[in-house]
Amino acid sequence: TESKHRRCGGDLKTRSTDLGPAVTGSPLTPVLPASTTGKKSIVLSSETRKELAKQAKVTKEERRAQIDERYKYLISRLADGIGLIEQQVEEAIISDDKFQLIEQFFAPSGLKKLLFFYQDVLQQKPNPSLRSDGSMNSLLQKKLFITTGSTENITGTCAFFLRTSDKVITASNASQEVNFGIFDCTNGNILRGLEFFLSQIMVPALKSQQNWGAVKEGLKNSQIQDFLYAVDKFVGTLSSSRQNIEDKIQLTKVDIDTYISNLQNPSDYITAG
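For clarity, every value in this text was computed on a predicted model and none was experimentally measured. (Residues numbered from 1 in each chain as written. Predicted model: local features only at pLDDT ≥ 70, side-chain atom pairs only at ≥ 80, totals over all residues. Heavy atoms only, no water.)

J.: Break down the nonpolar core for me, citing the residues and quoting the values.
T.: Counting residues in each nonpolar core, the largest one holds 30 residues, and the members touching the most others are L78, I102, L114, F116 and F161. Where this core is concerned, the elements lending two or more residues are α4 (69-82), α5 (86-94), α6 (100-106), β1 (113-126), β2 (136-147), β3 (157-163) and β4 (178-184). If we ignore the near neighbours within four places in the chain, the residues touching L114 are L74, L101, I102, F105, I146, A159, F160 and F161. By size, the runner-up hydrophobic cluster in this structure holds 14 residues, among which are F145, F160, C185 and F197. (Core = buried A, V, L, I, M, F, W, Y, C linked by side-chain atoms within 4.5 Å. Buried < 20%, exposed > 50% of the residue type's maximum accessible area, 1.4 Å probe, protein only. Helix = DSSP H or I, 4+ residues; strand = E, 2+ residues; numbered from the N terminus. Contact = heavy atoms within 4.5 Å.)

Spelled out as structure tokens, the structure:
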């Protein structure tokens, strides 16, 4: 299954040796906060900016020192699946304000899932010509970041790690206790990404699975056959729903102002209803 995941993700993005796109605008980068009025940005002194940058650097180096074989396993899977080099992935991870979620994922009875998005994010960049007043320019740039999945919309690629037990994740068992997969939700097309993942990766993997644990006879077992039939049926329903949505229903635009202006009395409203 893992090889299929890797092959699926490897087509998503050409590898690059440039560290910029994956880590630009990280939460550890000093940002000029908005003023209480919302009209201006507070201009930080050069000393304050230097101190923030120094603190960010120390934090990143402390996190880099935590990178062991468990982290390297995650980094390797992400780099291969998304199409970045491992150095890019490591830099993005140690710069992320949700870095602690990784350790929570490794802990005994820890987080059941660990999500990463790789997609265009609105970045804030200082305007070189207006640095004295702290002005910022905005631009979209690819970024790899850790997410809980509840605050950001998925518009690009979602890479996920799932635990298979409540055991503590160690360097020796990471490859056995952690599953990796990818959804390609380019342009926010989640249904297409899910359909591809199930039909091209999960279903073939399940149908080739020989060991079904306590269930005897594997694929010959009637319960397993019923399960695979249900999965196939779900994928078919998902495909039909996606195609119906993509065909889209075109609604006629109505000039609501003109429509409302013709309603003069209660009976007109009743008739319109």
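Having put the structure on the table, let's press on.
J.: Residue-level account of helix α8 (residues 190-207), with values.
T.: With 18 residues, α8 extends 24 Å from end C-alpha to end C-alpha; this agrees with the ideal 26 Å at 1.5 Å per step. At L198, α8 shows its largest bend, some 35°. Three or more residues of α8 are buried, namely G193, E195, F197, L198, I201, V203, A205 and L206. Two or three places before R192, at the start of α8, stands the capping residue N189, its side-chain oxygen 3.1 Å from that residue's backbone nitrogen. (Expected span 1.5 Å × (residues − 1). Bend = angle between axes of the 7 residues up to and from the residue. Polar contact = N/O pair within 3.5 Å; in protein donor to acceptor, adjacent residues only side chain to side chain.)

J.: Got a sec to walk through the packing of aromatic side chains? Specific residues and values, please.
T.: Under the criterion given, the structure shown has ten aromatic pairs. Judged by centre distance (4.9 Å) and plane angle (35°), the rings of F161 and F180 are tilted. Of the two residues, F161 sits in strand β3 while F180 sits in strand β4, which places them 19 residues apart along the sequence. Judged on exposure class, the residue F161 and its partner F180 are both buried. Here a set of aromatic residues connected by ring pairs shows up, and it is made of Y71, F99, F105 and F106. In this structure, K142 is placed above the aromatic ring of Y118, and the distance from its NZ or CZ to the ring centre is 5.4 Å. (Phe/Tyr/Trp six-rings, centres within 6.5 Å; stacked < 30°, edge-to-face > 60°. Lys NZ or Arg CZ within 6 Å of the ring centre and 35° of its normal.)

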